[in-house]
Amino acid sequence: MRPKVKFLTEQLIMDILAEAFEILCKLGVELHNKSVLEMLSDHGCNVDMGKMHVNFTEEVINKALKSAEGEFKLYDIHGNQTHDFSGDNVHFTPGSAALNILDHETKKLRKPLTQDYIDYAKILNQLPYIASQSTAFIPSDVAAQISDSYRMFLSLLYCEKPVVTGTFTIESFEVMKDFQLAVRGSEKALKEKPLAIFSCCPTSPLKFSDVTSQNVVDCAKYGIPVEFISMPLSGFMAPVTLTGTVIQHTAETLSGIVISQLTNPGAPMLYGGSPAIFDVRYETTPMGAIETMMIDCANNEIGKYLGLPTQAYISLSDSKQLDAQAGLETGIGATLAALAGINNLSGPGMLDFESCQSLEKLIVDNEICGMTLRLVQGIEPKEDFPSLPHFEELLQEQHLLISKHSRKYLRDEHYFPGTVIDRANRARWQEEGALFLEDRANNEVKRLISEYTPSEISDDIRNELVKLMEAEAKRYGQDTLPERL
Amino acid sequence: MELLDRISSTLQKGEDEQVAELTKQAIDENIPAQDILDNGLIAGMNVIGEQFRKHEIFLPEVLLAAKAMYAGMDLLKPLFIKEKVPTQGKVVIGTVHGDLHDLGKNLVGIMLKGAGFDVIDLGKDVPAEKFVEAAKTEDAGVIGMSALLTTTMPVMKKVVELLKENGLEDAVKTIIGGAPASEDFADEIGVNAYGFDAGKAVELVKELTGKK
């Protein structure tokens, strides 16, 4: 049996949906994109072009939900399937778009550089429990206008996993779509085997920016999966109650679904989000708050009720260093999310309210992911009945270390974490240097960087990616790209 | 020697029956028993020990390799007696008097045998006198003592005292292990070494007997 956690009754889900429908139809959404407003108007929505505002209709929302696909798959750079967004399957991806990196040597924040990003991609390529790469932070040594596409470019060059990303502008979509076409070879091939997911973020409360609206449309046209990242803040930009926040999240996400599905019925989407409670003491948005995680899990239940695969920003921490708080918030989040069956979990590596990535934390979080993936496999009997023969063997041999049954199931039944997780007895731990967690993680960072084998991407694709990136950089006045080692 | 390499690699895979066959073949080809042991069986166990230390393989693989080692050793033993070849050394082990926890001690026994040592396992609840007596009669170079209960640890100290009384403290080295034992405690009672796990115990016994 797969262990499962639930927060909402079916009646509560239906009540929340009814409220969200009413909000969308009666209050509507502020939407700053003319062509999207025109499209919505054509489908019978009440649009006020002057105020950039739309009131949806129940018919149009239901139509969008009807055409939405309940599942899709994701493929790595070579076209091998890595993700199955269906049922309660769980996949992890690093927290995305941090402005800073935590420097292990100085223990201080700094702006990430190209080499940091390459190191990150090399490490991520080798972490077994984090299924996709995200464009996890923003290199500061290129022009701001290309900082979104440049991340994806480096990701595709150095890591073979699919990419969770997003654009910062409408213009960047073009080159980021072209990168994917360069890898897959054609629009048809890309539609058949999606390589990336684009995050599209409504603005709370109940607003869609020009960029977000256009991104949803552009992705839908090319069959590029999107994940909607609505970010209501309980008690500030959303009702203080968790239920009220879920109602708002539902309304904001439904409006995104309508834009996507009216553009291209069946376009792949994840019902996602990055809600948080608002901490009125510090004026912050704690991702590690238990209520934030509960909202995430509840949103997943709404998404699943609507028949959609889901996403959440969960399994991350607000701590500033790789300390106990970082571990507990990330661990609780990952555990709850996996038990809830959220399909795509964004978080590993992230600290400080989604603003700081740590390569060392990524190593630790990979183990958290491994443990949670084991957790959701639950407890299943494996040749345990009848059990008498096992106990007869135990009493006779005095141990079962090398019994047939042990050898067959040891590695399936027991998850073996890497050396970053300390399971040595004290004397051995002392003999091996008495290292604390962060130093053990840093050893792994160094080992993975040194043991990295280059991505097996073909030279043709590599050259095409470089050509596209250099042209994009030139467009914004940057003649050369930083050196890549 | 190709055949000895095959013994080593087959042992590393834990294939006990094949190791026995290959050992027999080596004996039939008149390869000296000492050579088969050193360059076949022990060479294979050394690789296993190193891989275990680096977490590349786990305990079950070590035990399977050890089992394969015994399969080869059983065939070599009569030759050693005939040729009067000295073995790796004898080690007396046991869980000290008052303590019935013998899991750790058993593991150490399996691993020591796997490393080629002759192991005289006195079992559990072993009084100090019995350790010393066995070391004398068996001409063992090492006494290994295990305890889980802190209350039984004075027995370890008594063994050291008895060895001194018998003038054996140089001839018979001592090593302890078990949850309450520690490097400090070993120093305090005059024991020669403390092994924090079975793998470490083997490493230390090799050092104590000059086999490393």
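Values in this document were obtained by computation on a predicted structure and should not be read as measured data.

Comments concerning the sheet that holds strand 2 (residues 46–48) of chain A
Residues and elements named next belong to chain A.
Here comes step 1: Strand order across the open sheet formed by four strands is 2-3-1-12, with mixed pairing between neighbours. Single-partner strands in this sheet number two, and they are strand 2 and strand 12 (207–208).
Here comes step 2: Of the strand pairs in this sheet, strand 1 (residues 29–31) and strand 12 are connected by two bridges, and their pairing is parallel. Across the sheet, the residue bridging to Glu-30 is Lys-207, located in strand 12.

Digging into the nonpolar core
Here comes step 1: Phe-56, Phe-153, Leu-254 and Leu-465 of chain A are the most contacted members of the largest nonpolar core, which totals 133 residues.
Here comes step 2: In terms of residue count, helix 9 (residues 242–263) of chain A provides more of this core than any other element does, eight residues in total.
Here comes step 3: Non-local contacts of Leu-465 of chain A, meaning those with residues more than four positions away in its chain, are made with Phe-153, Leu-156, Leu-157, Phe-179, Ala-182, Val-183 and Ile-457 of chain A.
Here comes step 4: If you look at the next biggest cluster of nonpolar residues, it comprises 48 residues, including Leu-4, Leu-59, Ile-110 and Leu-204 of chain B.

Brief notes about unusual backbone geometry
Here comes step 1: With an omega dihedral of -5°, the bond running from Ser-204 of chain A to Pro-205 of chain A counts as a cis peptide bond.
Here comes step 2: Its place among the elements puts Pro-205 of chain A in the loop between strand 11 (196–200) and strand 12.
Here comes step 3: A cis amide bond links Phe-385 of chain A to the next residue, Pro-386 of chain A, at an omega of -5°.
Here comes step 4: Note on placement: Pro-386 of chain A falls in the loop between helix 12 (359–375) and helix 13 (388–397).
Here comes step 5: Look at Ala-434 of chain A: it is not a glycine, yet its phi comes out positive at around 50°.
Here comes step 6: Positive phi, close to 55°, is recorded for Asp-139 of chain B, a residue that is not glycine.

Observations concerning the packing of helix 5 (residues 103–114) of chain B against helix 9 (residues 198–208) of chain B
Residues and elements named next belong to chain B.
Here comes step 1: With their axes 9 Å apart at the nearest point, helix 5 and helix 9 run at an angle of 50° to one another. Between helix 5 and helix 9, the angle falls in the class oblique. Note on packing geometry: the crossing formed by helix 5 with helix 9 is right-handed. Contact residues: helix 5 offers Leu-107, Val-108, Met-111 and Leu-112, while helix 9 offers Ala-198, Gly-199, Ala-201, Val-202 and Val-205.
Here comes step 2: Grouping the constituent residues of the contact of helix 5 with helix 9 by class yields eight nonpolar, one polar and no charged.

Digging into the pairing of strand 2 (residues 118–121) of chain B
Residue and element names in this part refer to chain B.
Here comes step 1: Sheet analysis places strand 1 (residues 90–95) next to strand 2, joined by four bridges and oriented parallel. Opposite Val-92, over in strand 2, you have Ile-120 as the bridge partner.
Here comes step 2: Regarding topology, helix 5 serves as the crossover connection from strand 1 to the parallel strand 2, and that connection is right-handed.

Criteria and cut-off values
- Residue positions within a chain follow its written sequence, with the count starting from 1.
- Here the convention is simple: chains get letters from A, ligands get numbers from 1, in the order in which they are written.
- The predicted nature of this model means local features are confined to residues of pLDDT at least 70 and side-chain atom pairs, given and counted, to a pLDDT of 80 or more, with totals for whole chains, interfaces and linings taken over all residues.
- To get the side-chain values, take all heavy atoms of the structure and skip hydrogens and water.
- Pairing between strands requires that DSSP locate at least two bridges from one strand to the other.
- Secondary structure elements follow DSSP: runs of H or I of four or more residues count as helices, runs of E of two or more count as strands, with numbering from the N terminus.
- As used in this record, nonpolar core signifies buried Ala, Val, Leu, Ile, Met, Phe, Trp, Tyr and Cys residues forming a set joined through side-chain atoms within 4.5 Å.
- The rule is simple: take the accessible area with a 1.4 Å probe, protein chains only, and divide by the maximum for that residue type; under 20% is buried, over 50% is exposed, in between is partly exposed.
- Here, residues are in contact when the closest pair of their heavy atoms is within 4.5 Å.
- All axes are obtained by fitting lines to C-alpha atoms, using only the stretch in contact for helices, and the reported angles, taken between N-to-C directions, cover 0 to 180 degrees.
- Should an angle fall under 35 degrees it is called roughly parallel, over 145 degrees roughly antiparallel, and 65 to 115 degrees roughly perpendicular, with every other angle called oblique.
- Less than a right angle of anticlockwise turn of the near helix away from the far helix marks a crossing as left-handed, whereas a clockwise turn marks it as right-handed.
- Classification convention: Asp, Glu, Lys, Arg as charged; Ala, Val, Leu, Ile, Met, Phe, Trp, Tyr, Cys, Pro as nonpolar; all other residues, Gly among them, as polar.
- Handedness of a crossover is defined as follows: orient the strands so they point away from the viewer, and if the path from the first strand over the helix to the second runs clockwise, the crossover is right-handed.

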